[in-house]
Amino acid sequence: MLRYIYGDDLCQVPMLKSTMFRDRADQFKTRLGWDVKVNENGEEIDQYDALNPLYVIWQMADGTHGGSMRFLPTTGSTMVNDYFSHLTNGVRIESPFIWECTRFCLSRNAGAQVAAALMLAGGEVLRGFELQHFVGVFDARMVRIYRMIGASPTILGSDGDGRDRTSVGLWEFRDELHAKVLQSSGLTDTLSRAWFEKSFDPEQSLVLTA
Amino acid sequence: MQRSKLETFLGTLEKATSLDALQQLTFALKDLYHVDHVVYHWVSADGEQYGAGTYDRLWVQRYIEKDYVRVDPVVVGCYQRFHPVDWKRLDWTTKTAKVFREDAIAHGVGNQGLSVPIRGPSGQFALFTISHSCKDDEWTSFIEDNRRDIILIAHYFNQKGLELEKSRVPAPNQSLSPREVDAMTFLAMGYSRAQVADTLAISEHTLRVYIESARHKLGALNTTHAVARAMNRGLIVV
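Residues numbered from 1 in each chain as written. Chains lettered and ligands numbered in written order. Predicted model: local features only at pLDDT ≥ 70, side-chain atom pairs only at ≥ 80, totals over all residues.

Here's the deal with the domain arrangement of chain B
And then number 1: When the domains of chain B are assigned, the result is domain 1 (3-164) and domain 2 (178-232).
And then number 2: Summarising the inter-unit geometry, the C-alpha centres of domain 1 of chain B and domain 2 of chain B are found 31 Å apart. (Domains from an automatic or database assignment.)

Have a look at this one:
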């Protein structure tokens, strides 16, 4: 199931929260070898997690984390503007219609469908909140994954070579891509929309869980 | 809503230099949209609170006296959030929320509302709200037609709010980057987007983001408006 949860509500889902931050440590520190901090509980948490981001999380049947990504508005602090403006020609990307998407993470146990489901969720957020683009930082290995699920970003700028190549990219909602992502995820539009609605409408969630 | 009216409104907003002027602008906006209320409330990076809006004074007083900020589902549901929130999607089921809602409606707040929480630089936070009294379907179609503009206006109120507290907090740098200046200059010269992208050796998608970023910084409604504003401010020379 796809869930949309703000940082301050993560405490209501402790297992989902801890497995997400541990999967992030596993992906970014262990597998990708990024220079990220991992705490004593084995969780990767950075300064942007302290800004109450919106997380989009794929929750597995056993309640643990299957994959996730993190959103912040570009009118506040973002990783792209704070650290990667050399990849955007010095342009500070800032608009109420552009959110930053970072820490796209997949659990080792996650199937290919999870990545597609997350992209589908990205589409819900774009359409549901009147957004024009997501902007994000990613490395070379993600390029292949994005292409596979039919959600390749437009590259704004890149730095480094081979596996260390870091890029800033853009996503927007495109009908023709949506169909492909939907197919890769094995989900239906109706279900995806229902999960989105449920996360942002308390009364709706009463109906669905009744 | 006619674009020209909205452009005129944003022009007046841009010239505002005081909290009083912002207050008057909330009334102007309420008339422009034919809605019952417009409220803009912000908390600066150092925790100072400000407000401007069209609510009845009695309601504002009562709100403070009753300490409604603790139970108001709009505040509870928007605090630390950053997506636009239709009041219908808030939790009004608790007893305190029901009592609050009844009191708010009795004071003319309206049964419908859209609140846009805004996150500014250095932890600044603001909430911009439009409220009205009407049936659900009327409200839904009003929101569908105007949501994007309302988000825009909310952010321009907030840019003004940040500017007004400039004396204490350094204002964010709103000047355009060289790349944005280039893009706006070629657009002002009548180049098409494809030609601008080609000239700057960037993709049209990238150009679109540069234009959107410049549009936001210039407080403009759309690209044409942004180009006009950049020229008026002498940021670009054609």
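Next comes the rest of the write-up.
A few points about the environment of A:Thr102
Residues and elements named next belong to chain A.
And then number 1: Looking at the secondary structure, you find Thr102 in strand S4 (residues 98-106).
And then number 2: A C-alpha to C-alpha distance of 8.5 Å links Thr102 and Leu72, two positions 30 residues apart in sequence.
And then number 3: The contacts of Thr102, once residues within four sequence positions are left out, are Tyr48, Arg70, Met79, Gly136 and Val137. (Helix = DSSP H or I, 4+ residues; strand = E, 2+ residues; numbered from the N terminus. Contact = placed C-beta atoms within 7 Å.)

Some words on unusual backbone geometry
Trans is the prevailing form of peptide bonds, just as negative phi is the prevailing case for residues other than glycine.
All names here are of chain A.
And then number 1: Phi is positive for Asn52, which is not a glycine, with a value near 50 degrees.
And then number 2: Following the sequence through the fold, Asn52 ends up in the loop between helix H1 (14-31) and strand S2 (54-59).
And then number 3: The partly exposed category is assigned to Asn52, around which 18 C-beta atoms lie within 10 Å.
And then number 4: Residue Glu130 is not a glycine yet carries a positive backbone phi of 65 degrees.
And then number 5: Of note, Glu130 is situated in the loop between helix H3 (112-128) and strand S5 (133-139).
And then number 6: Assessed through the 15 C-beta atoms surrounding it within 10 Å, Glu130 is described here as partly exposed. (Buried ≥ 20, exposed ≤ 12 C-beta atoms within 10 Å, placed from the backbone.)

A short note on the packing of H3(A) against helix H5 (residues 175-185) of chain A
All names here are of chain A.
And then number 1: The contact between H3 and H5 brings their axes to 7 Å, and the two run at 140 degrees. The pairing of H3 with H5 is recorded here as oblique in orientation. The interaxial crossing formed by H3 with H5 has left-handed handedness. Across the interface between the two elements, Gln113, Ala116, Ala117, Met119, Leu120 and Gly123 of H3 pack against His178, Val181, Leu182, Ser184 and Ser185 of H5.
And then number 2: Counted by class, the contact of H3 with H5 contains six nonpolar, five polar and no charged residues. (Axes fitted to C-alpha atoms, helices over the stretch in contact; angles between N-to-C directions. Parallel < 35°, antiparallel > 145°, perpendicular 65-115°, else oblique. Left-handed = near helix turned anticlockwise from the far one by under 90°. Nonpolar A, V, L, I, M, F, W, Y, C, P; charged D, E, K, R; others polar.)

A word on the sheet that holds strand S5 (residues 125-132) of chain B
Residues and elements named next belong to chain B.
And then number 1: Spatially, S2-S1-S5-S4-S3 is the arrangement adopted by the five strands of the open sheet, whose pairing is antiparallel. Of all the strands in the sheet, just strand S2 (49-53) and strand S3 (85-86) have a single pairing partner and so form its edges.
And then number 2: Two strands pair when backbone bridges link them, and S3 and strand S4 (residues 112-119) are joined in this way by two bridges, in the antiparallel orientation. Among the inter-strand pairings, Asp86 is bridged to a residue of S4, identified as Leu114.
And then number 3: Lying over the sheet, helix H2 (residues 19-33) contacts strand S1 (37-43), S2 and S5, oriented at roughly 145 degrees with respect to S1. (Pairing = 2+ DSSP bridges.)

Points about the pairing of S5(A)
Residue and element names in this part refer to chain A.
And then number 1: Most of S5 sits out of view: six of its seven residues are buried.
And then number 2: Judged from the three bridges that link them, S4 and S5 form a sheet pairing that is parallel. In the sheet register, Glu100 faces S5, and the bridge partner there is Val135.
And then number 3: Between the parallel elements S4 and S5, the chain passes through H3 in a crossover that is right-handed.
And then number 4: By the bridge criterion, six bridges tie S5 to strand S7 (residues 166-171) in an arrangement that is antiparallel. Following the sheet pairing, Phe138 is matched in S7 by Ser167. (Right-handed = clockwise from strand over helix to strand, strands pointing away.)

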